[in-house]
Each structure stands twice: as C-alpha cells, then as structure tokens.
Amino acid sequence: MKRLGLLLLPLCACEGLTTPPAPALSVLKRMPEGCFAVATPESPPADALQLFGTCTYQADPTLMANVDEAVVVVDYGPDVEFDTTADVPPPTLTVTIDGAPADVPIRIGTVQRVGSRAYFEATLRAPAQLTNDLRIRAQVNAGFATELAQPFAVVAPPVGLSLFECPDAASCELTAAVGEAHLVVSIPGDQPQQVTVRQSLGGVDDPHVIDATITPPSSTVALPVPTAPDGTTWTISASLLGGTPPSVTAILRAPLITTQLSCAPSCALTTGQQVGLHIFAPAGIHATQAFVTTRLNGVPQLVGEPVALDPGLVALTVPGRGTWTIDVSVAGYSAPTIVQNIP
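This one's a predicted model, so the numbers in the text were calculated from it and none came from an experiment.

## Quick word on the nonpolar core
L163, L174, L183, L277, I279, W324 and I326 are the most contacted members of the largest nonpolar core, which totals 52 residues. Ranked by the residues each element gives to this core, the list is headed by strand β30 (residues 322–330), at four residues. Beyond its immediate stretch of four places on either side in the chain, I326 contacts L261, L277, V292, T293, T294, L316, P336, T337 and I338. One finds A59, V104, I136 and F152 within the second-largest nonpolar core, a separate group that totals 34 residues.

This is how it looks when you write it as structure tokens:
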C-alpha cells in the first residue's frame with residue numbers, strides 16, 4: 001500500500017496492486033422511520049466504515065421522485081491511504097438518466113476517516129424525471145473513478161384522494177351547482193409538489209385542468225360543485241409527475257327549487273290583481289338569477305323573465321280568465337309549476 005497526500009495524485013499509482021484502485025460506491029435510502037437502508041445489496045458499505053444510523057434491513061433500488069433522499073457513500077478503500085495531515089480531494093459525482101447527464105443537486109460532505117482510510121458521504125434527492133435507468137458515477141481523477149453498476153428506478157409518488165364532504169366514500173352525494181367540494185390531496189415526503197386535477201361529468205372529460213401545489217402531508221383543493229342533471233356521476237382525479245391518477249366520485253343531486261305566491265296558502269285571484277312570487281333556492285347556489293315563465297291557457301305571457309335571487313321576489317299581474325301557470329327555473333333546475341284558476 002502507499003500513503004498518498006494531495007500532491008501525490010494520481011491516486012491510481014499505488015505500489016503492489018495488480019489492478020488500479022477505484023472508489024467503492026454504495027447507496028443508502030432514507031426510510032420513513034429515519035434510518036438509512038442499503039439500496040445496493042451487491043455493493044454495501046464496508047463494515048470497517050462503521051456507518052451510524054443504518055437500518056437493519058435493505059431497501060429496493062427504487063426512488064420516489066422529488067421525495068426520497070439517498071446517501072451515496074464514496075469509499076476510497078483500504079488500498080489508498082492518506083496521512084492524517086494530508087488533504088483528501090473530494091470526489092465529483094454525476095448522475096445520468098437514460099444515458100443523458102441529469103441536473104441533480106448533490107451535496108458532498110466533508111471527508112470522513114477511519115484511520116488512514118478516507119470516505120465521503122454525498123446526499124441527493126430523487127429527481128422529478130421518471131426513469132428505470134438512473135446511474136451514479138464518482139470520480140476523483142481520470143485514473144480513480146467508478147460507476148455504480150446497479151441502476152435505480154425513479155417512480156411517481158403515490159397520491160391519496162378524498163372528499164371532505166364525504167366521510168363515506170362509498171355513498172357520496174352532493175347538491176349540484178351549490179357551493180364547493182373540498183378535495184383532500186395527500187402526498188408523501190416533505191417537499192411541496194404540484195398535482196394536476198382533472199374532472200369529468202357522466203364520463204365526459206372537462207377540458208379545464210387545475211394545477212395545485214400540495215404541501216405534505218396534505219392540502220385541500222376547493223372545487224365548485226358543477227351543474228349537471230340529477231344522478232350524474234362527478235369524477236375527480238389527481239396525477240403527480242405522470243403517475244397513475246387515483247380518483248374519487250360523487251353523485252350529483254338536483255338542488256331543491258321552490259316557489260310560493262304571497263297569497264298562499266289560500267289564493268282567490270282576480271284579473272289585474274298584483275301578487276308577489278317568492279323564489280327559494282339553496283344557500284350557496286352558483287346562479288344569481290331565476291327565470292320566470294307564465295302562461296294563460298297555454299299561451300305565454302312572460303318568457304324567461306330574469307329575477308334576482310337576492311331577494312328572490314317579484315310582483316306579477318294576474319292576467320285574464322282561465323288557467324294561469326307559473327314556471328320558475330334556477331341554473332336549469334325547475335320548481336314545481338304553480339297553477340291558478342282565474343275566474
């Protein structure tokens with residue numbers, strides 16, 4: 001073996017070795033409980049390094065994009081010794097994805113020593129790009145470099161979805177065109193990520209897409225409850241980094257629209273009389289107007305007359321003799337028809 005200082009590079013010029021030395025690479029993945037599990041079973045860290053905080057089990061070579069943290073151990077090995085006073089040159093780590101260089105921030109710590117043996121720990125977070133071929137290479141100089149033989153896969157993190165208004169996801173019903181539904185989106189990790197929220201009504205996709213930033217463990221996205229026929233299925237999905245999007249569904253029910261004449265419950269109306277029409281719609285309905293249509297013996301008198309829902313009151317003039325009908329709609333939903341016989 002040969003002791004090397006900063007001025008004695010290249011590091012491969014070691015006496016007594018049949019092959020040039022190369023740094024040994026190992027990767028450990030931070031697990032949810034906080035310890036680091038070896039994710040390179042074919043090249044684990046040497047026992048001589050006595051690493052602190054390692055798990056008692058191994059991890060698979062899969063990283064969740066933008067979530068998982070990994071530590072790359074670059075061990076210069078027992079065949080390359082350094083004087084205790086010598087500066088140890090740090091390695092340069094590069095990452096490739098599908099064979100192309102990837103811009104993955106890597107933080108290399110200070111040199112660690114076990115006697116005359118030196119090693120470095122470099123930390124990185126899984127990139128946002130999905131792949132089955134992420135590779136790591138370490139180099140100190142042209143004669144002292146190693147590429148990790150084992151590739152890593154980078155997969156999309158799982159997304160959890162629920163509707164706050166529906167604790168029982170199996171029987172979720174919401175009033176159409178009224179208020180908002182609150183989509184609870186949960187993601188792993190400790191970094192905010194952007195999810196894409198999509199909706200469909202009765203199997204027809206809404207072209208409007210919502211991009212929402214989610215802060216772990218979960219954030220809420222408010223969605224106006226859409227207008228749709230009674231019984232329509234509303235499906236909401238959310239995708240993250242191109243992963244398979246989970247979805248939640250709700251059945252939309254028509255809002256209750258009612259009307260009442262000011263003379264109720266007993267009306268004896270005569271031609272030319274003024275009577276008030278009260279219109280009642282659920283609080284929070286998206287529409288701001290109702291539309292009134294009246295007919296006398298089937299002949300239209302008023303057609304789609306707009307009436308502000310606040311206060312939801314309009315004065316009508318009783319027409320001539322015959323059957324007078326009053327129809328009111330709000331957001332396309334109809335109230336029961338009022339029928340009055342005018343003597």
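## Re the state of the cysteines
Under the counting rule described, the total for this entry stands at three disulfides. Note on cysteine connectivity: C35 is disulfide-linked to C55, with sulfurs 1.9 Å apart. Of note, the bridge from C35 to C55 carries an S-S torsion of about 100° and is right-handed in sense. Of this pair, C35 sits in the loop between β2 (24–30) and β3 (36–38) while C55 is found in strand β4 (residues 54–58), placing the two residues 20 residues apart along the sequence. Residue C263 pairs covalently with C267 via a disulfide, S to S 1.7 Å. Every disulfide takes its handedness from the sign of the S-S torsion; for C263 and C267 that torsion is 100°, giving right-handed. Relative accessible area serves as the criterion here: at 23%, C267 is assigned to the partly exposed category. Counting only the cysteines that take part in disulfides, in the order they occur along the chain, gives the pairing 1-2, 3-4, 5-6.

## Digging into the sheet that holds strand β18 (residues 180–186)
Across the sheet, which stays open at both edges, the three strands sit in the order β16-β18-β22 with antiparallel pairing between neighbours. The two strands at the open ends of the sheet, each matched to only one other strand, are β16 (160–163) and β22 (218–224). Geometrically, the sheet is characterised by an average inter-axis angle of 25° between neighbouring strands, direction not taken into account. Two elements, β18 and β22, share seven bridges in a ladder whose sense is antiparallel. Within the sheet, the bridge partner assigned to V184 lies in β22 and is T220.

## Remarks on the packing of aromatic side chains
One pass over the structure, following the stated rule, counts two aromatic pairs. Aromatic side chains Y76 and F120 sit 5.6 Å apart centroid to centroid with 45° between the ring planes, which places their arrangement in the tilted category. Highlighted residues: Y76 in the loop between β6 (69–75) and β7 (80–82) and F120 in strand β12 (residues 117–125), separated in sequence by 44 residues. Y76 gets classed as buried once you look at its relative accessible area, which sits at 1%. Aromatic side chains Y76 and F144 sit 5.3 Å apart centroid to centroid with 90° between the ring planes, which places their arrangement in the edge-to-face category. With Y76 in the loop between β6 and β7 and F144 in strand β14 (residues 144–147), this pair connects stretches of sequence that are 68 residues apart. For the pair shown, Y76 and F144 are each scored as buried. Joined through ring pairs, the aromatic side chains of Y76, F120 and F144 make up one cluster.

## Notes on the sheet that holds strand β26 (residues 274–280)
The antiparallel open sheet is built from three strands, whose spatial order is β25-β26-β29. Of all the strands in the sheet, the pair left with one neighbour each is β25 (258–261) and β29 (313–317). Sheet twist, expressed as the mean angle between neighbouring strand axes with direction ignored, is 25°. Pairing analysis gives four bridges linking β25 to β26, with the strands arranged antiparallel. Residue T258 lies in a different strand from β26, and its bridge partner there is F280.

Conventions used here
- Residues numbered from 1 in each chain as written.
- Predicted model: local features only at pLDDT ≥ 70, side-chain atom pairs only at ≥ 80, totals over all residues.
- Heavy atoms only, no water.
- Core = buried A, V, L, I, M, F, W, Y, C linked by side-chain atoms within 4.5 Å.
- Buried < 20%, exposed > 50% of the residue type's maximum accessible area, 1.4 Å probe, protein only.
- Helix = DSSP H or I, 4+ residues; strand = E, 2+ residues; numbered from the N terminus.
- Contact = heavy atoms within 4.5 Å.
- Disulfide = S-S within 2.5 Å.
- Pairing = 2+ DSSP bridges.
- Axes fitted to C-alpha atoms, helices over the stretch in contact; angles between N-to-C directions.
- Phe/Tyr/Trp six-rings, centres within 6.5 Å; stacked < 30°, edge-to-face > 60°.

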